[in-house]
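# Geometric and topological summary
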Amino acid sequence: MTALITRDELRAEIAAGTVTVVDALGGEYWAKQHLPGALALVRDQVDTLAPTLLPDRDAAIVTYCSNPACPNSGQVADRLTHLGYTNVRKYAEGIEDWTNAGLPTESA
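These notes cover the structure that comes with them. Predicted model, so just to flag it, every value in this text is computed and none were measured. (Residues numbered from 1 in each chain as written. Predicted model: local features only at pLDDT ≥ 70, side-chain atom pairs only at ≥ 80, totals over all residues. Heavy atoms only, no water.)

## Concerning the overall build of the chain
Scanning the chain from terminus to terminus reveals five helices and five strands. Relative to a compact globule of 108 residues, whose C-alpha radius of gyration would be 13 Å, the chain shows 12 Å and is just as compact. Partitioning the contacts of the chain with sequence separation of at least 6, the portion at a separation of at least 24 is 71%. Just so you have it, the chain exposes about 5,700 Å², and 50% of that area is on carbon and sulfur atoms. Of the charged side chains in the chain, 8 are positive and 14 negative, and the gap between their average positions amounts to 2 Å. (Helix = DSSP H or I, 4+ residues; strand = E, 2+ residues; numbered from the N terminus. Rg over C-alpha atoms; globule rule 2.2 N^0.38 Å. Contact = heavy atoms within 4.5 Å. Areas by Shrake-Rupley, 256 points an atom, 1.4 Å probe, with all protein chains shown as cover. Lys, Arg positive; Asp, Glu negative; His and termini not counted. Charge placed at Lys NZ, Arg CZ, Asp CG, Glu CD.)

Structural data, given as structure tokens:
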């Protein structure tokens, strides 16, 4: 089971630059709106793109998707862990929680 991170913890880590945020929705969802600095990485691309996008397997990584009902962030987190990433957490509440709190997002 992937460890969880709260919105406030994630916001602090993004501000400090101590985390890599991974948007597990990807594609047009990522292009339209994503958390600050988030990289797009969907489950089907983890094996091929993670070594390039996420070269440090010990770096702090947080995955997220739309909301707690969305399985994507957990699937990407599980796959990263399987590939040897050691510090992967999940923001289970997702971008809906982030935007509902009035926090900033980016678009492509």
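## Thoughts on the layout of surface pockets
Roughly 180 Å³ of internal volume is contained in the largest pocket. Around the largest pocket sit Asp-23, Leu-25, Glu-28, Tyr-29, Lys-32, Gln-33, Ser-66, Ile-95 and Glu-96, which together line it. Those elements that place two or more of their residues in the lining of the largest pocket are α2 (27-32) and α5 (94-100). No other element matches the three residues that α2 contributes to the lining of the largest pocket. For the lining of the largest pocket, the residue count by class is three nonpolar, two polar and four charged. (1 Å grid on protein atoms, 1.4 Å probe; cavity = no way out; pocket = protein on both sides within 12 Å on 5 of 7 lines; lining within 4 Å. Points joined across faces, edges and corners; volume = space filled by probe spheres on them. Nonpolar A, V, L, I, M, F, W, Y, C, P; charged D, E, K, R; others polar.)

## Observations regarding the environment of Arg-79
Looking at the secondary structure, you find Arg-79 in helix α4 (residues 72-82). Residues Arg-79 and Asp-56 lie 23 residues apart in sequence; the distance between their C-alpha atoms is 15 Å.

## Considerations on the packing of helix α3 (residues 46-53) against α4
Relative to each other, α3 and α4 sit at 70 degrees, their axes nearing to 11 Å. Of the possible angle classes, the one that applies to α3 and α4 is roughly perpendicular. Here the hand of the crossing between α3 and α4 comes out right-handed. On the side of α3, the interface is formed by Val-46, Asp-47 and Ala-50, while α4 contributes Val-76, Arg-79 and Leu-80. Of the residues contributing to the contact of α3 with α4, the split by class is four nonpolar, no polar and two charged. (Axes fitted to C-alpha atoms, helices over the stretch in contact; angles between N-to-C directions. Parallel < 35°, antiparallel > 145°, perpendicular 65-115°, else oblique. Left-handed = near helix turned anticlockwise from the far one by under 90°.)

## Focus: the pairing of strand β2 (residues 20-23)
Relative to strand β4 (residues 61-64), β2 runs parallel, the two sharing four bridges. Within the sheet, the bridge partner assigned to Thr-20 lies in β4 and is Ile-61. Following the backbone out of β2, through α2 and into the adjacent parallel strand β3 (residues 39-40), one traces a crossover that is right-handed. (Pairing = 2+ DSSP bridges. Right-handed = clockwise from strand over helix to strand, strands pointing away.)

That is the geometry; function is a separate question.
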